[in-house]
Amino acid sequence: MKNTIFLFCLLNLLSFASFSQEKPTNVILMIGDGMGLPQITTSIYFKDSPSNFEQFTDIGFIKTSSTSHKVTDSAAGATAFATGQKSYNRAISVSPDSVRLETILEKLEAKNYKTGLISLTTITHATPACFYAHVTDRDMHEEIAEQLTNSGVDFFAGAGLDYFTKRKDGKDFYKTLEEKGYSMDSVKLVTNPYPDKKYGHLLAATEMPAKTKGRGDYLPDATELALNYFKSSNEPFFLMVEGSYIDWAGHANDAEMLIQEELDFDKTIGVALNFLKENPNTLLVITADHETGGVAVGKGKSADELSIYFTTDQHTAELIPVFSMGRGSELFRGIYENIEIYHKLATILKL
Ligand code: MG
Ligand code: ZN
(Lines give C-alpha, C1' and ligand atoms only; values in the text may rest on other atoms or scores of the structure.)
(Ligands and ions follow the chains in the order given, each with its own letter.)
Protein backbone atom coordinates (compact mmCIF):
# COMPACT_ATOMS: atom_id res chain seq x y z
CA MET A 1 0.00 0.00 0.00
CA LYS A 2 2.77 2.45 1.01
CA ASN A 3 4.55 1.74 -2.24
CA THR A 4 1.40 2.43 -4.24
CA ILE A 5 0.93 5.80 -2.49
CA PHE A 6 4.59 6.65 -3.07
CA LEU A 7 4.29 5.79 -6.76
CA PHE A 8 1.09 7.81 -7.04
CA CYS A 9 2.78 10.87 -5.50
CA LEU A 10 5.81 10.47 -7.74
CA LEU A 11 3.64 10.32 -10.85
CA ASN A 12 1.76 13.43 -9.73
CA LEU A 13 5.03 15.27 -9.17
CA LEU A 14 6.31 14.25 -12.59
CA SER A 15 3.13 15.38 -14.36
CA PHE A 16 3.18 18.64 -12.38
CA ALA A 17 6.80 19.23 -13.43
CA SER A 18 6.06 18.73 -17.11
CA PHE A 19 2.93 20.89 -16.82
CA SER A 20 4.82 23.76 -15.20
CA GLN A 21 7.34 23.71 -18.04
CA GLU A 22 4.57 24.39 -20.53
CA LYS A 23 4.81 27.74 -22.30
CA PRO A 24 2.58 30.37 -20.64
CA THR A 25 -0.70 31.16 -22.38
CA ASN A 26 -1.01 34.22 -24.62
CA VAL A 27 -4.48 35.82 -24.70
CA ILE A 28 -6.07 37.69 -27.59
CA LEU A 29 -9.40 39.15 -26.45
CA MET A 30 -11.41 40.66 -29.31
CA ILE A 31 -14.40 42.83 -28.44
CA GLY A 32 -16.80 43.80 -31.20
CA ASP A 33 -18.51 46.70 -29.46
CA GLY A 34 -22.26 46.38 -30.07
CA MET A 35 -21.84 43.05 -31.87
CA GLY A 36 -24.78 40.71 -31.33
CA LEU A 37 -25.75 37.71 -33.39
CA PRO A 38 -27.44 39.85 -36.12
CA GLN A 39 -24.21 41.82 -36.63
CA ILE A 40 -22.27 38.55 -36.91
CA THR A 41 -24.94 37.32 -39.33
CA THR A 42 -24.03 40.16 -41.72
CA SER A 43 -20.50 38.75 -42.02
CA ILE A 44 -22.04 35.44 -43.14
CA TYR A 45 -24.34 36.94 -45.81
CA PHE A 46 -22.41 40.01 -46.97
CA LYS A 47 -18.90 38.56 -47.22
CA ASP A 48 -17.68 37.16 -50.55
CA SER A 49 -15.67 34.40 -48.85
CA PRO A 50 -16.64 32.29 -45.80
CA SER A 51 -16.74 34.27 -42.57
CA ASN A 52 -13.94 33.58 -40.09
CA PHE A 53 -16.63 33.03 -37.44
CA GLU A 54 -17.44 29.74 -39.22
CA GLN A 55 -14.08 28.31 -38.12
CA PHE A 56 -15.10 28.18 -34.45
CA THR A 57 -16.58 25.17 -32.65
CA ASP A 58 -16.32 26.41 -29.04
CA ILE A 59 -19.24 28.83 -28.78
CA GLY A 60 -21.11 30.22 -25.79
CA PHE A 61 -23.40 33.09 -24.78
CA ILE A 62 -23.16 35.78 -22.11
CA LYS A 63 -25.74 37.71 -20.13
CA THR A 64 -24.64 41.32 -20.08
CA SER A 65 -26.72 43.31 -17.54
CA SER A 66 -24.90 45.74 -15.23
CA THR A 67 -25.64 46.44 -11.54
CA SER A 68 -27.59 49.58 -12.46
CA HIS A 69 -29.31 48.61 -15.73
CA LYS A 70 -30.69 45.52 -17.46
CA VAL A 71 -29.25 47.05 -20.65
CA THR A 72 -25.54 47.67 -20.09
CA ASP A 73 -23.28 50.33 -21.57
CA SER A 74 -19.75 49.67 -22.81
CA ALA A 75 -18.14 50.88 -19.57
CA ALA A 76 -19.94 48.40 -17.31
CA GLY A 77 -19.52 45.75 -20.02
CA ALA A 78 -15.74 46.15 -20.26
CA THR A 79 -15.43 46.48 -16.46
CA ALA A 80 -17.00 43.00 -16.21
CA PHE A 81 -14.49 41.53 -18.71
CA ALA A 82 -11.49 43.34 -17.21
CA THR A 83 -12.16 42.80 -13.49
CA GLY A 84 -14.61 39.92 -13.11
CA GLN A 85 -17.02 42.13 -11.17
CA LYS A 86 -20.24 43.78 -12.30
CA SER A 87 -20.59 47.51 -11.80
CA TYR A 88 -22.88 50.35 -12.81
CA ASN A 89 -23.27 51.87 -16.28
CA ARG A 90 -20.50 54.48 -16.90
CA ALA A 91 -18.07 52.86 -14.38
CA ILE A 92 -14.48 52.41 -15.54
CA SER A 93 -13.13 49.46 -13.50
CA VAL A 94 -14.45 50.69 -10.18
CA SER A 95 -17.05 48.89 -8.02
CA PRO A 96 -20.61 50.20 -7.42
CA ASP A 97 -19.19 52.03 -4.39
CA SER A 98 -16.31 53.50 -6.44
CA VAL A 99 -13.56 51.20 -5.19
CA ARG A 100 -10.71 50.52 -7.64
CA LEU A 101 -10.91 47.00 -9.10
CA GLU A 102 -7.63 45.51 -10.28
CA THR A 103 -7.79 44.47 -13.94
CA ILE A 104 -6.62 41.37 -15.74
CA LEU A 105 -4.10 43.52 -17.63
CA GLU A 106 -2.64 44.86 -14.37
CA LYS A 107 -2.46 41.36 -12.85
CA LEU A 108 -0.72 39.97 -15.93
CA GLU A 109 1.76 42.86 -16.03
CA ALA A 110 2.77 41.84 -12.52
CA LYS A 111 3.47 38.36 -13.96
CA ASN A 112 5.75 39.86 -16.64
CA TYR A 113 3.26 39.60 -19.46
CA LYS A 114 3.51 42.07 -22.32
CA THR A 115 0.22 43.96 -22.78
CA GLY A 116 -1.49 45.67 -25.69
CA LEU A 117 -4.66 47.58 -26.52
CA ILE A 118 -6.05 48.41 -29.97
CA SER A 119 -9.14 50.54 -30.63
CA LEU A 120 -10.69 52.72 -33.33
CA THR A 121 -11.93 55.32 -30.86
CA THR A 122 -9.86 57.40 -28.50
CA ILE A 123 -7.70 55.04 -26.46
CA THR A 124 -9.36 56.67 -23.42
CA HIS A 125 -12.82 55.45 -24.54
CA ALA A 126 -14.76 53.11 -22.23
CA THR A 127 -13.79 49.75 -23.73
CA PRO A 128 -9.97 50.13 -23.80
CA ALA A 129 -9.95 52.36 -20.67
CA CYS A 130 -11.45 49.63 -18.46
CA PHE A 131 -8.28 47.55 -18.86
CA TYR A 132 -5.89 50.17 -17.40
CA ALA A 133 -7.87 53.02 -15.78
CA HIS A 134 -10.10 53.46 -12.73
CA VAL A 135 -12.53 56.38 -12.73
CA THR A 136 -16.15 56.85 -11.66
CA ASP A 137 -17.38 58.13 -15.04
CA ARG A 138 -16.42 57.17 -18.59
CA ASP A 139 -16.32 60.81 -19.73
CA MET A 140 -13.32 61.62 -17.51
CA HIS A 141 -11.06 61.35 -20.58
CA GLU A 142 -8.26 63.59 -19.29
CA GLU A 143 -7.92 61.59 -16.05
CA ILE A 144 -8.01 58.35 -18.07
CA ALA A 145 -5.27 59.68 -20.40
CA GLU A 146 -3.09 60.48 -17.38
CA GLN A 147 -3.65 56.97 -16.00
CA LEU A 148 -2.54 55.48 -19.33
CA THR A 149 0.84 57.17 -18.92
CA ASN A 150 1.27 55.27 -15.62
CA SER A 151 -0.21 51.97 -16.82
CA GLY A 152 2.87 50.29 -18.25
CA VAL A 153 0.90 49.06 -21.31
CA ASP A 154 3.55 47.97 -23.84
CA PHE A 155 1.70 48.63 -27.08
CA PHE A 156 -1.33 50.76 -27.76
CA ALA A 157 -2.95 51.98 -30.96
CA GLY A 158 -5.99 54.18 -31.23
CA ALA A 159 -6.99 57.83 -31.37
CA GLY A 160 -7.58 60.64 -28.87
CA LEU A 161 -4.41 62.72 -29.25
CA ASP A 162 -6.30 65.80 -27.98
CA TYR A 163 -6.81 64.25 -24.52
CA PHE A 164 -3.02 64.06 -24.20
CA THR A 165 -1.92 67.36 -25.75
CA LYS A 166 -4.84 69.85 -25.64
CA ARG A 167 -5.78 69.53 -22.00
CA LYS A 168 -7.47 71.86 -19.54
CA ASP A 169 -4.51 71.47 -17.16
CA GLY A 170 -2.06 72.46 -19.91
CA LYS A 171 -0.01 69.27 -19.45
CA ASP A 172 1.42 67.35 -22.41
CA PHE A 173 1.08 63.63 -21.76
CA TYR A 174 2.29 62.77 -25.27
CA LYS A 175 5.63 64.17 -24.15
CA THR A 176 5.34 62.38 -20.80
CA LEU A 177 4.90 59.08 -22.64
CA GLU A 178 8.03 59.79 -24.69
CA GLU A 179 9.94 60.65 -21.51
CA LYS A 180 8.81 57.31 -20.09
CA GLY A 181 10.46 55.54 -23.01
CA TYR A 182 7.56 55.14 -25.41
CA SER A 183 8.19 55.44 -29.10
CA MET A 184 5.16 57.58 -29.99
CA ASP A 185 3.50 58.15 -33.36
CA SER A 186 0.57 60.40 -34.27
CA VAL A 187 0.57 59.72 -38.04
CA LYS A 188 0.93 56.02 -38.81
CA LEU A 189 1.63 52.60 -37.35
CA VAL A 190 5.34 51.99 -36.68
CA THR A 191 7.26 49.47 -38.76
CA ASN A 192 9.69 46.89 -37.33
CA PRO A 193 9.10 47.54 -33.62
CA TYR A 194 11.93 46.53 -31.27
CA PRO A 195 10.82 43.94 -28.71
CA ASP A 196 12.33 45.82 -25.75
CA LYS A 197 10.67 49.17 -26.49
CA LYS A 198 7.13 50.38 -25.75
CA TYR A 199 4.92 51.80 -28.52
CA GLY A 200 2.06 54.29 -28.45
CA HIS A 201 -0.05 55.34 -31.43
CA LEU A 202 -2.48 58.25 -31.16
CA LEU A 203 -3.47 58.48 -34.79
CA ALA A 204 -6.26 61.07 -34.75
CA ALA A 205 -7.28 64.08 -32.64
CA THR A 206 -10.42 62.36 -31.36
CA GLU A 207 -11.27 59.20 -33.32
CA MET A 208 -10.31 57.19 -36.40
CA PRO A 209 -12.51 57.49 -39.50
CA ALA A 210 -15.18 54.85 -40.14
CA LYS A 211 -14.38 52.08 -42.62
CA THR A 212 -16.86 53.73 -45.04
CA LYS A 213 -14.90 57.02 -44.68
CA GLY A 214 -11.54 55.60 -45.77
CA ARG A 215 -9.98 54.03 -42.67
CA GLY A 216 -8.40 51.27 -44.75
CA ASP A 217 -6.84 48.24 -43.04
CA TYR A 218 -5.82 49.95 -39.81
CA LEU A 219 -7.51 47.37 -37.52
CA PRO A 220 -6.10 44.17 -39.08
CA ASP A 221 -2.72 45.89 -39.65
CA ALA A 222 -2.43 47.14 -36.05
CA THR A 223 -3.37 43.66 -34.80
CA GLU A 224 -0.74 41.97 -36.97
CA LEU A 225 1.87 44.53 -35.90
CA ALA A 226 1.11 43.98 -32.21
CA LEU A 227 1.25 40.17 -32.58
CA ASN A 228 4.60 40.31 -34.42
CA TYR A 229 5.95 42.66 -31.76
CA PHE A 230 4.86 40.35 -28.92
CA LYS A 231 6.21 37.30 -30.71
CA SER A 232 9.64 38.88 -31.14
CA SER A 233 9.78 39.68 -27.42
CA ASN A 234 9.47 36.00 -26.50
CA GLU A 235 7.32 36.89 -23.46
CA PRO A 236 3.70 35.86 -22.99
CA PHE A 237 1.18 38.58 -23.79
CA PHE A 238 -2.36 39.86 -23.33
CA LEU A 239 -3.85 41.80 -26.26
CA MET A 240 -7.30 43.41 -26.42
CA VAL A 241 -8.56 44.41 -29.88
CA GLU A 242 -11.77 46.42 -30.19
CA GLY A 243 -13.98 46.70 -33.27
CA SER A 244 -15.41 49.89 -31.88
CA TYR A 245 -17.69 51.11 -34.64
CA ILE A 246 -20.03 48.14 -34.95
CA ASP A 247 -21.68 49.90 -31.99
CA TRP A 248 -21.57 53.32 -33.64
CA ALA A 249 -23.22 51.95 -36.79
CA GLY A 250 -26.03 50.61 -34.59
CA HIS A 251 -26.51 53.97 -32.87
CA ALA A 252 -26.57 55.69 -36.27
CA ASN A 253 -28.89 53.01 -37.77
CA ASP A 254 -26.43 52.94 -40.67
CA ALA A 255 -26.67 49.56 -42.48
CA GLU A 256 -23.72 50.10 -44.82
CA MET A 257 -21.48 51.24 -41.97
CA LEU A 258 -22.56 48.20 -39.94
CA ILE A 259 -21.70 45.75 -42.72
CA GLN A 260 -18.32 47.37 -43.46
CA GLU A 261 -17.32 47.53 -39.77
CA GLU A 262 -18.34 43.90 -39.24
CA LEU A 263 -16.37 42.76 -42.30
CA ASP A 264 -13.33 44.70 -41.07
CA PHE A 265 -13.64 42.94 -37.69
CA ASP A 266 -14.01 39.57 -39.47
CA LYS A 267 -10.81 40.27 -41.42
CA THR A 268 -9.04 41.12 -38.15
CA ILE A 269 -10.19 37.76 -36.71
CA GLY A 270 -8.37 36.19 -39.68
CA VAL A 271 -5.11 37.82 -38.52
CA ALA A 272 -5.60 36.39 -35.01
CA LEU A 273 -6.44 32.92 -36.40
CA ASN A 274 -3.23 32.90 -38.48
CA PHE A 275 -1.24 33.71 -35.34
CA LEU A 276 -3.04 30.93 -33.44
CA LYS A 277 -2.09 28.31 -36.02
CA GLU A 278 1.62 29.00 -35.49
CA ASN A 279 1.42 29.66 -31.74
CA PRO A 280 -0.72 26.96 -30.09
CA ASN A 281 -0.02 28.33 -26.60
CA THR A 282 -2.48 31.12 -27.45
CA LEU A 283 -6.14 31.53 -26.52
CA LEU A 284 -8.43 33.64 -28.71
CA VAL A 285 -11.74 34.83 -27.25
CA ILE A 286 -14.14 36.94 -29.31
CA THR A 287 -17.21 38.51 -27.78
CA ALA A 288 -19.07 41.82 -27.29
CA ASP A 289 -20.22 44.03 -24.45
CA HIS A 290 -23.82 44.21 -25.79
CA GLU A 291 -25.81 44.42 -29.00
CA THR A 292 -26.62 47.85 -30.48
CA GLY A 293 -29.54 48.76 -32.73
CA GLY A 294 -31.87 45.82 -32.14
CA VAL A 295 -30.79 44.67 -35.58
CA ALA A 296 -32.62 42.15 -37.77
CA VAL A 297 -31.34 40.78 -41.06
CA GLY A 298 -34.54 40.36 -43.06
CA LYS A 299 -36.18 40.21 -46.43
CA GLY A 300 -35.15 42.99 -48.82
CA LYS A 301 -36.90 44.54 -51.81
CA SER A 302 -36.41 41.58 -54.10
CA ALA A 303 -36.85 37.89 -53.19
CA ASP A 304 -33.11 37.28 -53.29
CA GLU A 305 -32.03 40.36 -51.35
CA LEU A 306 -31.44 40.99 -47.64
CA SER A 307 -31.97 44.23 -45.75
CA ILE A 308 -30.74 45.39 -42.34
CA TYR A 309 -33.51 46.63 -40.03
CA PHE A 310 -33.02 48.57 -36.79
CA THR A 311 -35.58 48.55 -33.97
CA THR A 312 -33.77 51.09 -31.76
CA ASP A 313 -30.77 53.46 -31.79
CA GLN A 314 -29.78 52.20 -28.33
CA HIS A 315 -28.13 49.11 -26.84
CA THR A 316 -30.19 45.97 -26.20
CA ALA A 317 -30.13 43.18 -23.60
CA GLU A 318 -29.77 40.33 -26.09
CA LEU A 319 -27.56 37.38 -25.22
CA ILE A 320 -24.12 37.91 -26.76
CA PRO A 321 -22.15 35.14 -28.48
CA VAL A 322 -18.66 34.11 -27.34
CA PHE A 323 -16.32 32.41 -29.83
CA SER A 324 -13.13 30.83 -28.54
CA MET A 325 -10.24 28.85 -29.97
CA GLY A 326 -6.87 27.67 -28.69
CA ARG A 327 -5.63 26.72 -25.26
CA GLY A 328 -8.52 26.34 -22.79
CA SER A 329 -11.18 27.39 -25.29
CA GLU A 330 -13.59 24.60 -24.28
CA LEU A 331 -14.16 26.45 -20.97
CA PHE A 332 -16.10 29.16 -22.82
CA ARG A 333 -19.02 26.94 -23.88
CA GLY A 334 -22.42 27.43 -22.25
CA ILE A 335 -24.57 30.35 -21.12
CA TYR A 336 -23.15 32.49 -18.32
CA GLU A 337 -22.71 36.05 -16.99
CA ASN A 338 -20.25 38.43 -18.70
CA ILE A 339 -17.99 38.47 -15.61
CA GLU A 340 -17.26 34.77 -16.23
CA ILE A 341 -15.14 35.79 -19.25
CA TYR A 342 -12.69 37.20 -16.72
CA HIS A 343 -12.98 34.23 -14.34
CA LYS A 344 -12.46 31.67 -17.11
CA LEU A 345 -9.39 33.59 -18.29
CA ALA A 346 -8.16 33.77 -14.69
CA THR A 347 -8.51 29.97 -14.36
CA ILE A 348 -6.54 29.36 -17.56
CA LEU A 349 -3.89 31.97 -16.65
CA LYS A 350 -3.73 30.75 -13.00
CA LEU A 351 -4.40 34.27 -11.67
MG1 MG B 1 -16.26 50.64 -27.13
ZN1 ZN C 1 -22.92 52.21 -27.71
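Since the structure is predicted, the reported quantities are computational estimates derived from the model, not experimental observations.

Conventions adopted
- Residues numbered from 1 in each chain as written.
- Chains lettered and ligands numbered in written order.
- Predicted model: local features only at pLDDT ≥ 70, side-chain atom pairs only at ≥ 80, totals over all residues.
- Heavy atoms only, no water.
- Pairing = 2+ DSSP bridges.
- Helix = DSSP H or I, 4+ residues; strand = E, 2+ residues; numbered from the N terminus.
- Axes fitted to C-alpha atoms, helices over the stretch in contact; angles between N-to-C directions.
- Donors = N, O, S within 2.8 Å, 3.2 Å for Na, K, Ca; no water.
- Tetrahedral: all angles 85-135°; square planar, octahedral: opposite > 155°, others 65-115°.
- Salt bridge = Lys/Arg side-chain N within 4 Å of Asp/Glu carboxyl O.
- Buried < 20%, exposed > 50% of the residue type's maximum accessible area, 1.4 Å probe, protein only.
- Core = buried A, V, L, I, M, F, W, Y, C linked by side-chain atoms within 4.5 Å.
- Contact = heavy atoms within 4.5 Å.
- Arc of directions from axis to C-beta.
- Patch = residues over 30% accessible without salt bridge, like charges linked within 9 Å, V, L, I, M, F, W, Y side chains within 5 Å.
- Areas by Shrake-Rupley, 256 points an atom, 1.4 Å probe, with all protein chains shown as cover.
- Parallel < 35°, antiparallel > 145°, perpendicular 65-115°, else oblique.
- Left-handed = near helix turned anticlockwise from the far one by under 90°.
- Phe/Tyr/Trp six-rings, centres within 6.5 Å; stacked < 30°, edge-to-face > 60°.
- Lys NZ or Arg CZ within 6 Å of the ring centre and 35° of its normal.
- Polar contact = N/O pair within 3.5 Å; in protein donor to acceptor, adjacent residues only side chain to side chain.

K.L.:
Outline the sheet that holds strand 3 (residues 114-122), listing residues and values.
P.N.:
Reading across from one edge, 5-6-4-3-7-1-8-13-2-14 is the order of the 10 strands in this open sheet, with mixed pairing throughout. Only two strands of the sheet have a single neighbouring strand rather than two, namely strand 5 (182-185) and strand 14 (334-337). Within this sheet the neighbouring strands show an average axis-to-axis angle of 15°, counted without direction. By the bridge criterion, four bridges tie strand 4 (residues 155-159) to strand 6 (residues 198-202) in an arrangement that is parallel. Counted as the bridge partner of phenylalanine 155 is tyrosine 199 from strand 6.

K.L.:
Outline the coordination of the zinc ion (ligand 2), listing residues and values.
P.N.:
Only Asp247 (OD), Asp247 (OD), His251 (NE2) and His315 (NE2) from the protein reach the zinc ion (ligand 2) as donors, at distances of 2.1 to 2.4 Å. Every donor counted, the four donor atoms about the zinc ion (ligand 2) form angles of 57 to 149° at the centre, which fits irregular coordination.

K.L.:
Give me the lowdown on the pattern of salt bridges, citing residues and values where you can.
P.N.:
Proximity of charged atoms lets side chains of opposite charge pair with each other. Under the criterion given, the structure shown has 17 salt bridges. In this structure, aspartate 162 engages lysine 166 in a salt bridge whose closest nitrogen and oxygen atoms are separated by 4.0 Å. Classification of aspartate 162 as partly exposed rests on a relative accessible area of 22%. With relative accessibility at 63%, the residue lysine 166 sits in the exposed group.

K.L.:
Outline the pairing of strand 7 (residues 237-243), listing residues and values.
P.N.:
The buried fraction of strand 7 amounts to seven of the seven residues, a majority that puts the element mostly inside the structure. Of the two faces of strand 7, both are covered, the one formed by Phe237, Leu239, Val241 and Gly243 as well as the one formed by Phe238, Met240 and Glu242. By the bridge criterion, five bridges tie strand 3 to strand 7 in an arrangement that is parallel. Along strand 7, the bridge assignment pairs isoleucine 118 with valine 241.

K.L.:
Got a sec to walk through the nonpolar core? Specific residues and values, please.
P.N.:
Counting 99 residues, the largest nonpolar core has Ile118, Phe131, Phe156, Tyr218 and Ile286 as the members making the most contacts within it. Looking at this core element by element, the count peaks at 11 residues for helix 11 (residues 255-278). In this structure isoleucine 286 touches Met30, Met35, Phe53, Phe56, Phe265, Ile269, Pro321, Val322 and Phe323, once residues within four positions along its chain are discounted.

K.L.:
Lay out helix 6 (residues 141-149) in plain terms, naming residues and giving numbers.
P.N.:
Of the positions making up helix 6, those classed as buried are His141, Glu142, Ile144, Ala145, Leu148 and Thr149. For helix 6, the buried positions fall inside an angular range of 160° around the axis, keeping them on one side. Against the buried residues of helix 6 lie strand 3, helix 5 (126-129), strand 4, helix 7 (162-165) and helix 8 (173-179).

K.L.:
Any chance you could break down a nonpolar patch on the surface for me, citing the residues and the numbers?
P.N.:
Together, Ile44, Tyr45 and Leu306 give the surface a local cluster of nonpolar side chains, amounting to about 280 Å² of exposed area. Among the secondary structure elements, leucine 306 is positioned in strand 11 (residues 306-309).

K.L.:
I'd like to hear about the packing of helix 3 (residues 74-83) against helix 12 (residues 339-349), residue by residue, with values.
P.N.:
Put simply, helix 3 and helix 12 touch, their axes get as near as 6 Å, and they point 20° apart. Considering the angle they form, helix 3 stands roughly parallel to helix 12. Between helix 3 and helix 12 lies a crossing of right-handed hand. On the side of helix 3, the interface is formed by Ala80, Phe81, Ala82 and Thr83, while helix 12 contributes Ile339, Ile341 and Tyr342.

K.L.:
How would you explain the packing of aromatic side chains if you had to name every residue and give the values?
P.N.:
For the structure shown, the criterion picks out 10 aromatic pairs. Between tyrosine 199 and tyrosine 229, the ring centres sit 5.6 Å apart and the planes meet at 85°, which makes this aromatic pair edge-to-face. A residue pair is termed long-range when its members are at least 10 positions apart, and tyrosine 199 in strand 6 and tyrosine 229 in helix 9 (residues 218-233) qualify at 30 residues. Across this residue pair, the class does not change: tyrosine 199 and tyrosine 229 are buried. Through pairs of rings, three or more aromatic residues link up here, namely Phe155, Tyr199, Tyr229, Phe230, Phe237 and Phe275. Over the face of the ring belonging to tyrosine 336 we find lysine 344, whose NZ or CZ atom lies 4.3 Å from the ring centre.

K.L.:
So what about unusual backbone geometry? Which residues, and what values?
P.N.:
Apart from glycine, the bulk of residues carry a negative phi angle, and the bulk of peptide bonds sit in the trans form. In this structure, asparagine 112 takes a positive phi of about 65° despite not being glycine. Relative to the elements of secondary structure, asparagine 112 occurs in the loop between helix 4 (104-109) and strand 3. Its relative accessible area of 57% is what places asparagine 112 among the exposed residues. A positive phi is found at asparagine 234, a non-glycine position, where the angle reads about 65°. Positionally, asparagine 234 belongs in the loop between helix 9 and strand 7.

K.L.:
I'd like a rundown of the environment of tyrosine 88, residues and numbers included.
P.N.:
Tracing the backbone shows tyrosine 88 in the loop between helix 3 and helix 4. C-alpha separation for the pair tyrosine 88 and leucine 225, spaced 137 residues apart in sequence, amounts to 34 Å. Look past the residues within four positions of tyrosine 88 in its chain and what remains in contact with it is Ser66, Thr67, Ser68, Ala76, Val94, Ser95, Pro96, Ser98 and Thr136. Of the polar contacts made by the side chain of tyrosine 88, one reaches the backbone oxygen of threonine 136; its length is 2.8 Å.

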